Amino acid sequence: MEFTEAYKQTGPCCFSPNSRYIAVAVDYRLVIRDTLSFKVVQLFSCLDKISHVEWANDSEYILCGLYKRPMIQAWSLTQPEWTCKIDEGPAGIAYARWSPDSRHILTTSDFQLRLTVRSLLNTACVHVQGPKHGSKGVSFTKDGKFAAICTRRDCKDYVNLLSCHTWEIMGAFAVDTLDLADIEWSPDDSAIVIWDSPLEYKVLIYSPDGRCLSKYQAYESGLGVKSVSWSPCGQYLAVGSYDQMLRVLNHLTWKTFAEFMHLSTVRGPCCAAVFKEVDEPLHLNMSELCSSDEFLQGNSGKRKSGVSHSEMDIVRQIEYLIQGHFRVMYEVTEVPISLPFQKPPADKPNPKQGIGLMSWSKDSRYIYTRNDSMPTALWIWDIHHLELAAILVQKDPIRAAAWDPTCSRLVLCTGSSHLYMWTPSGAYCVSNPLPQFNINDLKWNSDGSCLLLKDKDSFCCAAVPLMPESSEYSSDD
């Protein structure tokens, strides 16, 4: 892997959907860099510090959320003189997003008073009263034709279906939730999944016309759903719960066909490979630096005669410099193995337990999970064989993980100076050559050729080699 130099950032950084540009927030400025040359191609000055950055789907427009002011500013890469400013006044702005057609901006006011759709082509404006959430509760179909917006009125949750062409409400229906948490269209746009707050375990599947296709409830007592994710193929729905289990539903009967437990002790029989991050001390082979005993004796004579900076001094200096230095690597560990476990305090809200992080691979074969009470372990499950494929045990809590958008390659970071990669053929560690650069977050570009790595106040990019075309990586393996 090849790494670029580090560049300054003070906020959001993201690739454009076409992978040609990188948008970087630097205080009041939005810097647009070319992905190949890293030269600055555009520089936009905002009226306040940038809190949120989002590209339009066509990569031509980009918006900046200045939530402290509160205000939205939008820019065009092809027409630098074109500008757009949205100010909601006393209502404020909690969140802003693009519509699928890249020509409308949706803003949610503070306290969820209303959601507003504004056109970039004219002064048309549409309001939806009482949106359920600020940044959540809105989902678009994959073809970009419809939007599902969650609202709440008279102490009841509703779903409003809007046409993304005219922005007229095509229909609305009430949903059987106590406190709706979020909503998401299926990849084939045939169904909508809705789940309740953690206080009520409830996952509801609705058709676009408002019919309830299925209601799933794994248990009644205790905290419920923590994360939900459709597989890219649309055949599976993964539900992560506070009881530290991952359940997978099928799209035909909406019944569970797999339940995966995250136990602190992994015992056999187990076909999974367990990769544990370890430090290997660097050793200096003195025999390679010194050709013979006569050389050492000769050097000893030189030192007695008063000659300084001899070869022997250099050898000793090198030996001193590498003391305490280690090479990070993965060690394959046999089961049984005990994973570091943190019991959450019973007297604090939002306990760190349950499946808080999960994502599907591009081919829908693998899904990774992180149980928040075991933050240093990443579990990788094989859905085709319904078994655990691998466990990555890190020294530090996992900050972020992301699948390659083109193949079954997983990359994660832990706030250290290393990247960690997993493929079906194994796992390995990659050292970042930049000094004092700790990777706290990472993002892929759309073609899987480049990674954006973020430190606290800087970022860099890494060119990632393509996966070899061989049966070793085939999804039919």
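Predicted model only: the values in this text are computed from it and were never measured.

1. Some details on the pattern of salt bridges
Item 1. All told, the structure shown has 20 salt bridges when counted by the stated rule.
Item 2. The network of salt bridges with shared partners includes Lys132, Arg152, Asp157 and Asp179.

2. Brief notes about the nonpolar core
Item 1. The biggest cluster of nonpolar side chains holds 23 residues, and the ones touching the most others in it are Leu246, Val248, Leu339, Ile367 and Trp379.
Item 2. For this core, the secondary structure elements donating two or more residues are strand S24 (236-241), strand S25 (245-250), strand S26 (256-261), strand S31 (355-360), strand S33 (377-382) and strand S34 (387-393).
Item 3. Sequence-distant contacts of Leu339, that is, excluding residues within four places in its chain, are made with Leu263, Ser264, Val266, Met374, Ala377, Trp379 and Val393.
Item 4. Ranked by size, the runner-up nonpolar core spans 18 residues in total, among them Ala402, Leu419, Phe437 and Ala462.

3. Overview of the packing of aromatic side chains
Item 1. If you walk through the whole model with that rule in mind, you get 20 aromatic pairs.
Item 2. Centroid distance Tyr201 to Tyr216: 6.1 Å. Interplanar angle 75°. Geometry classified as edge-to-face. Of this pair, Tyr201 sits in the loop between strand S20 (192-196) and strand S21 (203-206) while Tyr216 is found in strand S22 (residues 212-216), placing the two residues 15 residues apart along the sequence. Of the two residues, Tyr201 and Tyr216, both sit in the buried class.
Item 3. On the numbers, 5.3 Å between centres and 80° between planes, the contact of Tyr366 with Trp422 is edge-to-face. Of this pair, Tyr366 sits in strand S32 (residues 366-371) while Trp422 sits in strand S37 (residues 418-423); the two residues are 56 residues apart in sequence, bridging distant segments of the chain.

4. Some thoughts on the environment of Pro435
Item 1. On the secondary structure map, Pro435 appears in the loop between strand S38 (426-431) and strand S39 (441-444).
Item 2. Residue classification places Pro435 among the exposed residues on the basis of a relative accessible area of 68%.
Item 3. Distance in space between the C-alpha atoms of Pro435 and Ser417 is 8.5 Å, their sequence separation being 18 residues.

5. Let's talk about the pairing of strand S6 (residues 40-45)
Item 1. The pairing of strand S5 (residues 29-34) with S6 spans five bridges and is antiparallel. When the sheet's bridge partners are listed, Arg33 is paired in S6 with Val40.
Item 2. Here S5 hands over to S6 after five residues, with Phe38 in that stretch at a positive phi of 65°.

Rules used throughout
Residues numbered from 1 in each chain as written. Predicted model: local features only at pLDDT ≥ 70, side-chain atom pairs only at ≥ 80, totals over all residues. Heavy atoms only, no water. Salt bridge = Lys/Arg side-chain N within 4 Å of Asp/Glu carboxyl O. Core = buried A, V, L, I, M, F, W, Y, C linked by side-chain atoms within 4.5 Å. Buried < 20%, exposed > 50% of the residue type's maximum accessible area, 1.4 Å probe, protein only. Helix = DSSP H or I, 4+ residues; strand = E, 2+ residues; numbered from the N terminus. Contact = heavy atoms within 4.5 Å. Phe/Tyr/Trp six-rings, centres within 6.5 Å; stacked < 30°, edge-to-face > 60°. Pairing = 2+ DSSP bridges.

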